[in-house]
Amino acid sequence: MALLDRRRRVSFAVPVLVAAGLTLTFGAFFQMRAANREDERTHHERQFAQFHDALTERIGSHTLLLRTLRSAFSDPRPANRDGFAAAVRPIMPLYPGLWSVTWVSRIPSAEVPALEAEMRAAGRRDFAVRDADATGDGIRGPALAASHGDLFVNTLMEPERSGAFGQGINILSLPNRAEVLVRACASGDLTATEALPPRHQGETGRSIGLYLPVYRYSVDEMDGADRCAEIAGYVASVFGIARLLEEAGNRVNGLHGAVHLLDGPAEDGGRILASRDLDAPSASREGVSFRDIRKDGETVLERDLVIGGRRWTLVLAIPPEPELAPADYPAWIVLVMGLLLTGALAGYTRREAQAKRFLVTEARARAAMARALRESEERFRMALRHSRVAVFSLDRNLRYMWMYNPQTGRAAETFIGRTNADIHAPDDAARLDAVKRAVLDTGTGARQEVRIGAAPGPEQVFDLIVEPLRDEAGAVSGVICAAIDISDGVRIREALAEAHDEAERANRAKSRFLAAASHDLRQPFQAMSLFHHILSARLSDAKQLEVADKLGEAIAAGNTLLNTLLDTSALEAGNVKPRPTVFPFQDIADRLNREFAEQAASRGMVLRMVPTSAYVLSDPVLLERMVRNLLVNALRYAGTGAILLGCRHRDGHALVEVWDTGPGIPADQLKLIFDDFYRCGTDQRDSGRGLGLGLSIVRRTAQILGHQVDVRSRVGKGTVFSIAVLMVGDRHHPLPEEPTTSVASA
């Protein structure tokens, strides 16, 4: 009962311990993960603020450039082309995103011809004041309308450009420029245009134009309309937005995601003016609504960007962090360590409980093992006591160390400490020591049948099994052996072998006798056939003739059976020697067709022969006898139907085939039909079907000739026998003059 209570306490404590450990582990994991994500967001906001400041600083540098140039144009002496170029060109490389710097001069309409003449005299022969395009609207603002039709013309530009937006362009003809110039002259401060598409070849992405007014006199005390009346011109610059984003991004490290400049707030569907993917190059997204490209799970940070009185929105889109982000590594490490510690603590507690239970049950287990060992030992001794097996071990000097041999009356103690030379005869001891010494030297077990003379008793035969015996270091320290007494089995085996040899000798003697007596046994049947023919010629009575016919049939049947037995005997005795030659198989086919055509017709069957042009290498007499036996077999068992004799070419051989439409042969009997005295599907006592030696003679003859015999059959459909004979040519190809190889070797 106490043990049961302890088990219950342990089984309850382990789940509680695991639950507490998992709760603490996952709580710490999620808390650290949330803190890391918050730190990551704070880091992104700090980096984005740095990017915004860097971008604002780059825009401020462009503003500073224009303010510096304005002081040069405030001088009463107008700036010329060389002075403008000398002031602008050195600082252009410092602004990679700066596309152009322009001086927009205020020109009364009446002075346009004088301006064109002056410019052409200065070397710009193609200079002409013109609108941006043929349909320029020329819209003027309210304040500029009172300026007596003055124009604002690009007179100086670096780098110098021509075309629709180059020098000589009246910028009032450009869309929305009148409104920008009015705001600039009224405020006296920098004014920016909307995002502009590329205007010149080589420019990529949108740009922003900045206009800074230059007055003839001080206008600090004037209102907006009066200021515009005193305007002398504008210092303007155009810079690429995308390049500006790139410059700002190069100055901030650790920021990732995509930065977009929108023409309005992101939530209101602001369109992208320029963008830069800080992680990898991406396709242009200009003109696309930010809502259309925003991905689920992205973190979006926004900041306003004011340039020349216009307000844009700077957006940082940070892709969602993966489940196993670098920032989450500490949380995951805490989770893994917590799970490992919880598992280790639970496992340790469980092992301690199990160890206590093992200590309680160890004594019982040892007692049970001791009882099982004693029972196993008794079973082992009982098995050896009633078997013919002796088990023993020897040291490296081949001295017996232990012995168990219940079959001998000699005590095991008489073997201990002695060698085979002390126990057995010298020859027997040498054979035993050779087997065991080889195992000691190689370390590989061996098994061998050994004979030991047991004078004055009969010789004993043992199946000796020797295995190496190794010490703690793995070195061979001796051998352990098992000797099984197989004397009775060996004597029975030798007796059977002797009987088998005697039967073989008798069979060979029988075969030689039948082969030698072949002529003497055939002669009486020939004489009986002659006397039967003479007797039949002298008889006239119908009943006597019927008896004579029966006698003739009996003589013919006996002669056939005798010839079959004698042929089989001759084949077994090896008296038949093949004489291979090259001949046309059609000769054999013609003779057999003439011989069996009438027999087949008398039985209601049809014998067909397919002509062939094959020349084969074989013994014509033996091959004809093989085919004749197959035809006889077909006539005997086919019953009704048709028989076909033909020859096909296949893989350098002539395939002689005999087809019939008989009852067929079951698959389980196809290998038995070539055995002696086997008659498929026939009563074995029915001698009218022969002795069952026809196919046996075919098999034996094929072995002598080196031909292969095959059979295929389908029950109810028929059977086909085939003989593969070496083909050496046909009527259309020349034949060898003389065969140089035997059929057997071919």
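Check the entry above for the structure.
All residue numbers refer to position in the chain's written sequence, counted from 1. Residue-level local features of this predicted model are given only where pLDDT is at least 70; pairs of side-chain atoms are given and counted only at 80 or more, and the full residue set underlies all totals for whole chains, interfaces and linings. Derived side-chain values reflect all non-hydrogen atoms in the structure, with water molecules and hydrogen atoms excluded from consideration.

**So, the overall build of the chain**
A tally of regular secondary structure across the chain gives 16 helices and 21 strands. Taken across its 746 residues, the chain has 39% of its residues classed as buried. In this analysis, two residues are considered to be in contact whenever any of their non-hydrogen atoms come within 4.5 Å of each other. Once local pairs closer than 6 in sequence are excluded, the contacts in the chain between residues at least 24 apart make up 64%. Only DSSP runs of H or I reaching four residues or more are called helices, and only runs of E reaching two or more are called strands; each is numbered from the N terminus. A simple rule labels every residue: compare its accessible area, found with a 1.4 Å probe on the protein chains alone, to the largest value its type can have, and call it buried under 20%, exposed over 50%, or partly exposed in between.

**Re the environment of Thr102**
In this structure, Thr102 sits in strand 1 (residues 98-107). Through-space distance from the C-alpha of Thr102 to that of Asn154 is 6.6 Å; in sequence the pair is 52 residues apart. Setting aside its immediate chain neighbours within four residues, Thr102 contacts Phe84, Asn154, Leu156, Met157, Tyr234, Val235 and Ala236.

**A look at the side chain of Asn170**
By secondary structure assignment, the location of Asn170 is in the loop between strand 2 (151-158) and helix 4 (177-187). Contacts described as polar in this section are N or O atom pairs within 3.5 Å, which, within protein, must combine one atom able to donate a hydrogen with one able to accept it, while residues neighboring in sequence count only if both atoms come from side chains. Separated by 3.3 Å, the side chain of Asn170 and the backbone nitrogen of Phe152 make a polar contact.

**Section: the pairing of strand 11 (residues 400-404)**
DSSP-based pairing: two strands are paired if at least 2 bridges between them are found. By the bridge criterion, four bridges tie strand 10 (residues 389-395) to strand 11 in an arrangement that is antiparallel. The residue bridging Ser393 from the neighbouring strand is Trp402, located in strand 11. Between strand 10 and strand 11, which pair antiparallel and follow one another directly, the connecting turn spans four residues, one of which, Leu398, has a positive phi of 60 degrees.

**Concerning unusual backbone geometry**
Glycine aside, residues mostly have negative phi, and peptide bonds are mostly found in the trans state. Cis rather than trans, the peptide bond between Glu158 and Pro159 has omega equal to -10 degrees. Relative to the helices and strands, Pro159 is located in the loop between strand 2 and helix 4. Phi at Leu398 is positive, roughly 60 degrees, even though this residue is not glycine. Take Leu398: it is sitting in the loop between strand 10 and strand 11. Positive phi is not limited to glycine here, since Asp651 has a value of about 50 degrees. When you line up the elements, Asp651 lands in the loop between strand 18 (641-650) and strand 19 (653-660).

**Section: helix 3 (residues 112-121)**
For helix 3, the full list of buried residues reads Val112, Leu115, Glu116 and Met119. Axial view of helix 3: buried residues confined to an arc of 95 degrees, hence all on one face. Those residues of helix 3 that are exposed and aimed more than 90 degrees away from the buried face are Pro113, Ala114, Glu118 and Ala121. Structurally, helix 3 contributes buried residues whose contacts are with strand 1 and strand 2. Directly beyond the C-terminal end of helix 3, a positive phi value near 110 degrees is found at Gly123. Think of the arc as the fan of directions from the helix axis to the C-beta atoms.

**Quick word on the packing of aromatic side chains**
The criterion for an aromatic pair is that two Phe, Tyr or Trp rings (for Trp, the six-membered ring) have centres within 6.5 Å, with stacked assigned to planes under 30 degrees apart, edge-to-face to planes over 60 apart and tilted to the rest. Inspection of every chain in the model, using the stated rule, returns four aromatic pairs. When the ring of Phe152 is compared with that of Tyr234, the centres are 5.6 Å apart and the planes differ by 55 degrees; the resulting orientation is tilted. Taken as a pair, Phe152 in strand 2 and Tyr234 in strand 5 (residues 231-240) lie far apart in primary sequence, 82 residues in all. Judged by relative accessible area, Tyr234 falls into the buried class, the value being 0%.

**Considerations on the nonpolar core**
By convention a nonpolar core is built from buried Ala, Val, Leu, Ile, Met, Phe, Trp, Tyr and Cys residues, the set being connected through side-chain atoms within 4.5 Å. Core analysis: the biggest nonpolar cluster contains 43 residues, and Phe51, Leu55, Val101, Ile208, Leu210, Ile307 and Leu314 have the highest contact counts within it. If one sorts the elements of this core by residue count, helix 1 (residues 2-73) sits on top with nine residues. Domain limits in this description derive from either an automatic procedure or a database domain assignment. Two domains each put at least three residues into this core: domain 1 (73-255) and domain 2 (256-321). Phe585, Met626, Ala634 and Leu635 belong to the second-largest nonpolar core, a separate cluster that totals 39 residues.

**So, the state of the cysteines**
Here a disulfide denotes a covalent bond joining the sulfur atom of one cysteine to the sulfur atom of another. Two cysteine sulfurs form what is called a disulfide whenever their separation falls within 2.5 Å. A complete count under the given rule lists one disulfide for this structure. One disulfide in the model links Cys185 with Cys228; its S-S distance is 2.0 Å. In this structure the cystine formed by Cys185 and Cys228 twists about its S-S bond by roughly 75 degrees; its chirality is therefore right-handed. Separated by 43 residues along the polypeptide, Cys185 in helix 4 and Cys228 in helix 5 (residues 224-229) bring together distant segments of the chain. With respect to class, Cys185 is no different from Cys228; both count as buried.

**Here we look at the pattern of salt bridges**
We count a salt bridge whenever a side-chain nitrogen from Lys or Arg sits within 4 Å of a carboxyl oxygen from Asp or Glu. Applying the stated criterion to the full structure yields 21 salt bridges. For Asp304, the salt bridge identified is with Arg311, shortest N-O distance 3.6 Å. When its relative accessible area of 45% is taken as the criterion, Asp304 is described as partly exposed. Three or more residues joined by partner-sharing salt bridges are found here, namely Arg591, Glu595, Glu624 and Arg628.

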